[in-house]
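Structural description and commentary
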Amino acid sequence: MQKLFLKICLIIVMSQGALCAKDYNASLFGIKSDGVTLNTPSIQKAIDFISEKGGGKLKFYVGRYLTGSIQLKSNVTIELNEGAVLVGTSSIYDYVGANGIKALIVADGQQNIGVSGKGVIEGQGPTVLEQIAKQIQKGYLQETISQASPALIALNNCTSINIEGFNLQNACGNVIALTACKQVRLAGLKIKSTTNKETKGLVFSKVDGIKLENLFIETVVSEIKSDGLSTNISLVNCQYASGKSLIFKN
Amino acid sequence: MIYKNKITLFFFLLLGFQLSAKDYIATEFGVKNDGLTLNTCSIQKAIDFIHEHGGGRLVFESGNYVTGSIYLKSNVTLQLDYGATILGSTNPFDYVKDKKIGWMSMIFAVNQENIGITGKGIINGRGFTTANNMVNYIHRGVYVDPLKYDRPNETNRPQNIYFRECTNIKIIDITLKDPASWNQTYDQCKNLYVDHITVDSKSYWNNDGIDVVDCDGVVIKNSYFDAADDVLCFKSHSAQHMCQNVVVDNCVGRSSANGLKFGTVSRGGFKNFKVTNLTIYDTFRSAITFAAVDGGEIENIVIDGVRSINTGNVIYLRIGDRWSSRKKPYMKNITISNVYAEVPFGKPDAGYNFEGPIEDLPRNISPASIVGLVENKIQNVTLKNIQIVYPGSGNPLYAKRGLTPAELDGIPEMREAYPEFSQFKELPAWGFYVRHAEGITFENVTFTALKKDYRPSVVLDDVKNATFSGLVVNEPESVGKQQVFPYKTSNLIIK
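Residues numbered from 1 in each chain as written. Chains lettered and ligands numbered in written order. Predicted model: local features only at pLDDT ≥ 70, side-chain atom pairs only at ≥ 80, totals over all residues.

**Description of the overall build of chain A**
Quick reminder of the rule: Strands are runs of DSSP state E lasting at least two residues, helices are runs of H or I lasting at least four, and both sets are numbered from the N terminus onward. Residues are called buried when their C-beta atom has 20 or more other C-beta atoms within 10 Å, exposed when it has 12 or fewer, and partly exposed otherwise; all C-beta atoms are positioned from the backbone. A pair of residues counts as a contact when their C-beta atoms, built from backbone coordinates, are within 7 Å of each other.
When its secondary structure is counted, chain A shows 4 helices and 23 strands. Counting every position in chain A, which comprises 250 residues, the buried fraction comes to 47%. For chain A, the proportion of contacts with a sequence separation of at least 24, taken over those separated by at least 6, is 61%.

Listed below in structure tokens is the structure:
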């Protein structure tokens with residue numbers, strides 16, 4: 001009887017260990033909320049550290065967190081709490097891409113990843129775009145404007161993704177771009193990105209299993225674009241700013 | 001006419017060379033000079049662009065440029081104009097620990113050629129803050145380091161410069177400040193030219209002046225160094241390589257360790273050095289120290305013209321057997337000439353940041369020393385036109401090493417110890433101590449003690465073929481005192 005009890009205890013403890021992803025505050029890794037310090041390497045270090053330790057949440061609280069591209073790794077969720085703003089740097093050489101799409105948050109070939117909370121991702125689109133144009137004009141940047149324009153989130157070949165709750169604004173490129181991902185859930189996002197006419201709210205291709213719930217999207221021309229190669233798409237209670245409810249042709 | 005054509009040709013060649021070395025202004029690439037923006041990626045982009053477009057100079061005009069680790073590429077020179085400062089980020093996570101090199105640095109170059117850092121600007125590592133931020137990360141558990149002696153390992157703190165296996169390097173006019181680890185390291189490089197640089201390197205533990213490791217073809221001249229650790233430090237990390245063909249001229253240094261140092265890591269060796277017009281002052285340990293303790297070979301070294309003022313020790317030559325791994329080290333053919341030195345009674349680096357540790361006490365003022373091993377003697381050392389002023393006042397009640405066979409044989413060999421002039425504690429001479437050597441020549445050498453010392457000025461122990469000509473010893477209250485004491489010594493000639 002005692003043995004059985006011990007076994008049960010052991011199972012509970014082990015399962016808790018696996019389930020209980022740990023929380024880490026951004027400040028632990030020296031990430032600064034002053035809006036001036038470029039935090040790219042520190043945030044990346046934090047993500048790598050959490051992923052190596054078995055996963056968990058990287059929590060941001062009130063403040064402006066300036067960063068270039070960060071690469072999300074398996075079992076890590078970025079939590080932007082109320083008042084936390086993740087700000088994309090205006091310095092264009094601080095962005096990298098996933099599958100050729102540059103973005104502030106990128107992930108390639110990762111599993112169980114997420115971005116959540118009630119905070120904001122601010123792309124500084126007009127400023128970034130201006131820098132891109134200048135660098136192309138000078139001949140230092142040998143890309144087209146659309147190649148160089150970073151999205152806010154670009155995920156490629158990832159599985160089990162949850163993006164939920166926060167605000168996304170002023171993207172330079174598209175807001176969210178998904179390619180070859182599986183089991184995607186986008187819920188409760190407020191997307192407002194009208195500074196660049198070309199910006200699309202959500203672009204996805206070859207995605208298998210995508211749930212769109214309670215999205216509000218305001219862009220100039222195109223809210224959602226899919227290339228018709230995606231499967232298992234569900235839409236619940238999504239809206240355009242124009243008032244029409246969200247439908248799209250797959 | 002032919003002559004004129006040649007001139008024209010030369011002119012065009014010169015023009016061509018100047019055209020290919022194009023200038024690019026850093027801010028044009030979006031690099032910010034506000035002292036706040038972390039410019040790592042933009043500076044790297046600029047370097048890559050210049051490298052891919054035929055080379056040239058990346059010019060930093062007046063302003064403050066913050067960066068983390070960047071990699072210099074072939075045919076690119078960083079030009080720091082007067083008023084330009086490259087500020088190292090104070091966040092350790094902004095630096096790369098290079099996989100091949102195994103160290104952190106602000107400016108790396110690996111396997112590149114024709115590279116340089118020039119101009120009257122400053123590179124400021126802000127190392128004290130960076131190192132302390134690293135300590136903080138280690139305590140929080142987000143960076144792993146044993147924190148030995150309550151400091152992060154040297155490899156986990158950024159240097160200002162680390163170049164590895166590069167050819168044709170020019171470091172001219174710049175000021176290097178406050179690294180978190182050593183300062184500037186050139187490792188297995190060929191043709192290194194350092195001219196007119198200023199180094200202020202005493203912000204944290206192990207801050208060196210310059211570290212030259214296993215390099216071939218080195219010129220260091222007209223430069224000033226103020227360092228917590230060694231000033232001009234030549235090392236040999238690889239048993240297959242060595243430091244060779246080196247010229248050092250007209251340099252001034254201050255250190256809480258040593259002035260001109262070979263080692264401590266000394267696996268391959270040091271050959272063909274010419275050091276002229278060297279000034280070392282306020283320095284805690286030795287003005288000149290050569291260590292062959294890891295199997296290295298030291299040969300053909302000429303040092304001519306040294307002023308060593310307020311420096312704890314003048315010359316320390318040592319063969320040891322620390323990490324030799326069966327290699328047989330040797331040290332031979334060394335000439336040191338035209339030296340004027342003053343050794344103080346007090347601590348020469350008192351008041352500087354990161355003072356050298358008071359150690360090996362009790363001992364009276366240590367003499368200059370040449371110490372080999374029983375089976376492995378230091379050979380052919382010539383000391384010419386040397387004048388050393390000591391404080392004297394060696395007090396046998398404080399520490400005593402007499403001249404009896406038992407006392408002289410009782411001096412420990414310390415084969416495997418870290419080599420420092422003070423390692424034997426009290427030595428039996430106040431001017432010069434020589435042990436396990438052959439072919440030692442003192443020519444026109446003057447030792448002065450300002451106060452009476454209980455010891456003789458020179459002790460020779462196990463020395464073959466020692467010649468003194470024109471030896472002058474000045475010591476108060478010492479009429480009739482035997483100033484040169486030979487022990488187990490053969491063929492001693494005093495002219």
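The discussion continues.
**Overview of the sheet that holds strand β6 (residues 76-80) of chain A**
Either a parallel or an antiparallel arrangement is found when strands of a sheet pair, and the pairing is made through backbone hydrogen bonds. Residue and element names in this part refer to chain A. So the rule is basically this: Any two strands with at least two DSSP-identified bridges between them are counted as paired. Each axis is a line fitted through C-alpha atoms, taken for helices only over the stretch in contact, and angles between the N-to-C directions span 0 to 180 degrees.
With respect to topology, 8 strands assemble into an open sheet ordered β1-β3-β6-β10-β13-β16-β19-β22, the strand pairing being parallel. Among the strands making up the open sheet, the edge pair consists of β1 (22-25) and β22 (231-236). For this sheet, the mean inter-axis angle between neighbouring strands, taken without regard to orientation, is 10°. Strand direction decides the pairing type here: strand β13 (residues 159-164) and strand β16 (residues 182-187), joined by 5 bridges, are parallel. Bridge pairing links Ile161 to Val184 in β16. Against the sheet, helix α2 (residues 40-52) contacts β1, β3 (56-60) and β6, and its axis sits at roughly 155° relative to β3.

**Examining the sheet that holds strand β2 (residues 34-38) of chain A**
Residues and elements named next belong to chain A. Reading across the sheet, the 8 strands line up as β2-β4-β7-β11-β14-β17-β20-β23 and stay open at both edges, with parallel pairing between neighbours. A single partner strand is all that each edge strand has here, and the edge strands are β2 and β23 (239-240). Pairing between strand β17 (residues 190-193) and strand β20 (residues 216-219): 4 bridges, direction parallel. When the bridges of β20 are listed, Lys190 appears paired with Phe216.

**Notes on the pairing of β16(A)**
Where β16(A) and strand β19 (residues 208-213) of chain A come together, 5 bridges link them in parallel fashion. Looking across to β19(A), one finds that Arg185(A) is bridged to Lys211(A).

**Remarks on α2(A)**
Residues and elements named next belong to chain A. Inclusion rule: Multiplying 1.5 Å by the helix residue count minus one yields the expected span of that helix.
The terminal C-alpha atoms of α2, which comprises 13 residues, lie 18 Å apart, in line with the 18 Å expected from a rise of 1.5 Å per residue. Within the sequence span of α2, burial applies to Thr40, Pro41, Ser42, Ile43, Lys45, Ala46, Ile47, Ile50 and Ser51. In this fold, the buried residues of α2 make contact with β1, β2, β3, β4 (63-67), β5 (70-71) and β6. The first or second residue beyond α2 is Gly54, which carries a positive phi of 105°.

**A word on the environment of Glu130(A)**
All names here are of chain A. Inspection of the secondary structure puts Glu130 in helix α3 (residues 125-138). The exposure class assigned to Glu130 is partly exposed, which follows from the 14 C-beta atoms found within 10 Å. In this structure, the C-alpha to C-alpha distance between Glu130 and Gly88, residues 42 residues apart in sequence, is 14 Å.

**Quick word on the nonpolar core**
Heads up, the rule is: Note on terminology: a nonpolar core is a set of buried residues of type Ala, Val, Leu, Ile, Met, Phe, Trp, Tyr or Cys, with members joined through C-beta atoms within 7 Å.
Grouped together as the largest cluster of nonpolar side chains are 199 residues, with contacts concentrated most on Ala103(A), Ala151(A), Leu152(A), Ile153(A) and Ala46(B). In terms of residues, this core owes the most to one element, strand β24 (residues 269-292) of chain B, which gives 10 residues. Beyond its immediate sequence surroundings of up to four residues, Ala46(B) is in contact with Tyr24(B), Ala26(B), Phe29(B), Val31(B) and Leu58(B). Within the second largest apolar cluster, 7 residues are counted, among which are Ala131(B), Met134(B), Tyr137(B) and Ala180(B).

**What about the interface of chain A and chain B?**
Formally: In this classification, Asp, Glu, Lys and Arg are treated as charged, Ala, Val, Leu, Ile, Met, Phe, Trp, Tyr, Cys and Pro as nonpolar, and every other residue, Gly included, as polar.
Taken together, the contact pairs 18 residues of chain A with 18 residues of chain B. At the level of secondary structure, the elements contributing two or more residues to the side of chain A that touches chain B comprise β2, α2 and α3 of chain A. It is α2(A) that contributes the most residues to the side of chain A that touches chain B, 4 residues altogether. In terms of residue class, the side of chain A that touches chain B is made up of 9 nonpolar, 6 polar and 3 charged.

**Description of helix α3 (residues 127-140) of chain B**
Residue and element names in this part refer to chain B. Rule in force here: Comment: arc refers to directions from the helix axis out to C-beta atoms.
Between the first and last C-alpha of α3 there are 20 Å, a value that for 14 residues agrees with the 20 Å anticipated at 1.5 Å per step. Residues Gly127, Thr130, Ala131, Asn133, Met134, Tyr137 and Ile138 constitute the buried set of α3. Seen from one end, α3 has its buried residues packed into an arc of 160°, which puts them on one side. Opposite the buried face of α3, at more than 90 degrees from it, the exposed residues are His139 and Arg140. Packing partners of the buried residues in α3 comprise β7 (84-88). With its phi angle positive at about 85°, Gly141 sits one or two positions after the end of α3.

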